[in-house]
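# A look at the structure
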Amino acid sequence: MAFKRFDPEDFVISTDSITSTLWSTGAPTLTSFFTSSIQEAGSSGNYYLSIYQTSSTLTSAQVQFDVVYADILGSGSELYNTAVPQNSYTKTMYGQYRSLILEDENANFIFGTGNNVVTASNFWVLSVERARYKQSLFPGSINLKISGSGGVINLTDNSLDSSLSVFIGSTRVYQLISGSNGTAGTLPNSGYVAGSGSYGLVFPDLGTIMLNPLAISQSIKVSPSRSNNADGFNNRKLYEAIKLGSSFALNSQENITSDYVFVRARNSEFNYSENPTFISGSTGEVIYSNFINQPQVYLTTVGMYNDSNDLLAVAKMSRPLLKDFTKEALVRVKLDF
């Protein structure tokens, strides 16, 4: 065993972006959608509807995403207390997303860009399960098909049509448009609804897709109920439209930071060994005289120690590496965190 102190230039930090399938089925597109009657009838069902990839009664069932309806007026759901107007589940959800994204309780969501914008007083949300999307949703991979009595629309984000990154506060955002694979097609400004803005907003770093009911209603006639102090079953309305479309493609993205350590063995270094086959255990002499001036050893392992001589990491080579005075070795060690 021999030791050598690393130099500052021996360390390099690199970040790689890893894209993978998001759904627990392992497929890039989710085609079957199920709910749980127990969850829907429970207290959480007043706020959101959980969507599974298979029957919720099976042990393999896992939540893929939740459907939420939010309304600034508190419409579309029962009131917490009939003596307090507009104080309902849907108003709570609107306030939650406003605080999370807009970071201002007096601000409002706006769908669209330029002259075609609409201020949202209500919206649907697809909240992807945290374990599914890892670090963020992969822009350009969103392909959602929803169907209603007025037809079918295919929705995606506008990440490939947008040359600049747009933020709402500190949150990255894309417009949800009609199209596929991050683009509206040949016309960069298409994909919107006349007078109704975009189909929604996509927040990849939050795993959140927000849908504009006004644009969706105008396109396929799927509309939320905005009755007062009455459950409009709006979460289920969007779920039924997604289930009828039978296609929701989405990938996750994760940045993996790696430390690269370059271990350099120059020609004059690491040519001897303390192995008993090399050195006599009783005398400490080299057993074979021809190894004194022409030693040959095989490098197999790199250990990294701190100044207290504590072993912190071990790197194993894929095969032994022959080393003598005529050879130099450069070993790259990759540390992932």
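Note that this is a predicted model, so its numbers are computed, not measured.

## A look at the overall build of the protein
From N to C terminus, the protein includes six helices and 19 strands. Here the C-alpha atoms of the protein give a radius of gyration of 30 Å, more than 25% beyond the 20 Å that 2.2 N^0.38 yields for 337 residues. Across the 337 residues that make up the protein, the buried fraction comes to 40%. Sequence separation of at least 24 residues holds for 63% of the intrachain contacts in the protein that already meet a minimum separation of 6.

## Remarks on the side chain of Asp324
If you trace the backbone, Asp324 turns up in the loop between β18 (311–323) and β19 (329–336). A distance of 2.6 Å separates a polar atom in the side chain of Asp324 from a polar atom in the side chain of Thr326. Apart from the residues lying within four places of it in its own chain, the contact partners of Asp324 are Asn267, Asn271, Pro295 and Gln296.

## With respect to unusual backbone geometry
Positioned with a positive phi, Lys221 is a non-glycine residue whose angle comes to about 60 degrees. On the secondary structure map, Lys221 appears in the loop between α4 (213–220) and α5 (234–245). We classify Lys221 as exposed; its relative accessible area is 59%.

## Observations regarding the side chain of Thr90
One can find Thr90 in helix α2 (residues 89–102). Of the residues examined, Thr90 reaches a relative accessible area of 4% and is grouped as buried. Those residues in contact with Thr90 that sit more than four places away from it in its chain are Tyr69, Ala70, Asp71, Gly74, Ser75, Gly76 and Ser77.

## Regarding the environment of Gln53
Looking at the element boundaries, Gln53 is found in the loop between β3 (48–52) and β4 (63–71). Once you skip the residues sitting within four places of it in the chain, Gln53 turns out to touch Ser24, Thr25, Leu30, Ser32, Phe34, Ser60, Ala61, Gln62 and Gln64. For Gln53, the side chain forms a polar contact with the main-chain oxygen of Ser60, separated by 2.7 Å. At a separation of 3.3 Å, a polar atom in the side chain of Gln53 contacts the side chain of Gln64.

## As for the pairing of β4
Most of β4 sits inside the fold, with nine of its nine residues counted as buried. Bridging between β3 and β4 involves five bridges; their strand directions are antiparallel. Bridge pairing links Leu49 to Val67 in β4. The pairing of β4 with strand β7 (residues 122–128) spans seven bridges and is classified as antiparallel. Within β7, the position partnered with Asp71 by the bridge is Asn122.

## Description of the environment of Met93
Looking at the element boundaries, Met93 is found in helix α2. Classification of Met93 by relative accessible area gives buried; the value is 5%. Along the backbone, Met93 and Ala70 are 23 residues apart, and their C-alpha atoms lie at a distance of 5.2 Å. Excluding residues that lie within four positions of it along the chain, Met93 makes contacts with Tyr47, Val68, Tyr69 and Ala70.

## A closer look at the nonpolar core
Core analysis: the biggest nonpolar cluster contains 36 residues, and Phe65, Leu126, Ile146, Ile209, Leu211 and Phe248 have the highest contact counts within it. The contact partners of Phe65, leaving out residues within four places of it in the chain, are Trp23, Leu30, Phe33, Leu49, Ser50, Ile51, Leu126, Ser127, Val128, Glu129, Ile242 and Phe248. Counting residues in hydrophobic clusters, the runner-up holds 17 residues, among them Val125, Val173, Leu201 and Met210.

## Remarks on the pairing of β18
Relative to β18, strand β17 (residues 297–305) is paired through eight bridges, and the arrangement is antiparallel. The partner of Thr301 across the bridge, within β18, is Lys316. Counting the residues that bridge the hairpin from β17 to β18 gives five residues, and of these Asn309 lies at a positive phi of roughly 70 degrees.

## Topic: α4
Considered for burial, the residues of α4 that qualify are Pro213, Ala215, Ile216 and Ile220. Across the axial projection of α4, the buried residues extend over an arc of 160 degrees, all falling on one side. The elements touched by buried residues of α4 are β7, β9 (143–148), β10 (151–157) and β14 (208–211). The backbone nitrogen of Leu214 has a side-chain oxygen 3.1 Å away, supplied by the residue at the start of α4, namely Asn212.

## Let's talk about α2
Spanning 14 residues, α2 covers 19 Å between terminal C-alpha atoms, matching the ideal 20 Å at 1.5 Å per step. Taken together, the buried positions of α2 are occupied by Tyr89, Thr90, Met93, Tyr94, Tyr97, Arg98, Ile101 and Leu102.

## Looking at a nonpolar patch on the surface
On the surface, Phe3, Tyr305, Leu311 and Val314 cluster together to form a nonpolar patch covering roughly 390 Å² of accessible area. When you line up the elements, Phe3 lands in the segment before β1 (11–21). Given a relative accessible area of 53%, Phe3 falls into the exposed group.

Scoring rules and cut-offs
Residues numbered from 1 in each chain as written. Predicted model: local features only at pLDDT ≥ 70, side-chain atom pairs only at ≥ 80, totals over all residues. Heavy atoms only, no water. Helix = DSSP H or I, 4+ residues; strand = E, 2+ residues; numbered from the N terminus. Rg over C-alpha atoms; globule rule 2.2 N^0.38 Å. Buried < 20%, exposed > 50% of the residue type's maximum accessible area, 1.4 Å probe, protein only. Contact = heavy atoms within 4.5 Å. Polar contact = N/O pair within 3.5 Å; in protein donor to acceptor, adjacent residues only side chain to side chain. Pairing = 2+ DSSP bridges. Core = buried A, V, L, I, M, F, W, Y, C linked by side-chain atoms within 4.5 Å. Arc of directions from axis to C-beta. Expected span 1.5 Å × (residues − 1). Patch = residues over 30% accessible without salt bridge, like charges linked within 9 Å, V, L, I, M, F, W, Y side chains within 5 Å. Areas by Shrake-Rupley, 256 points an atom, 1.4 Å probe, with all protein chains shown as cover. Salt bridge = Lys/Arg side-chain N within 4 Å of Asp/Glu carboxyl O.

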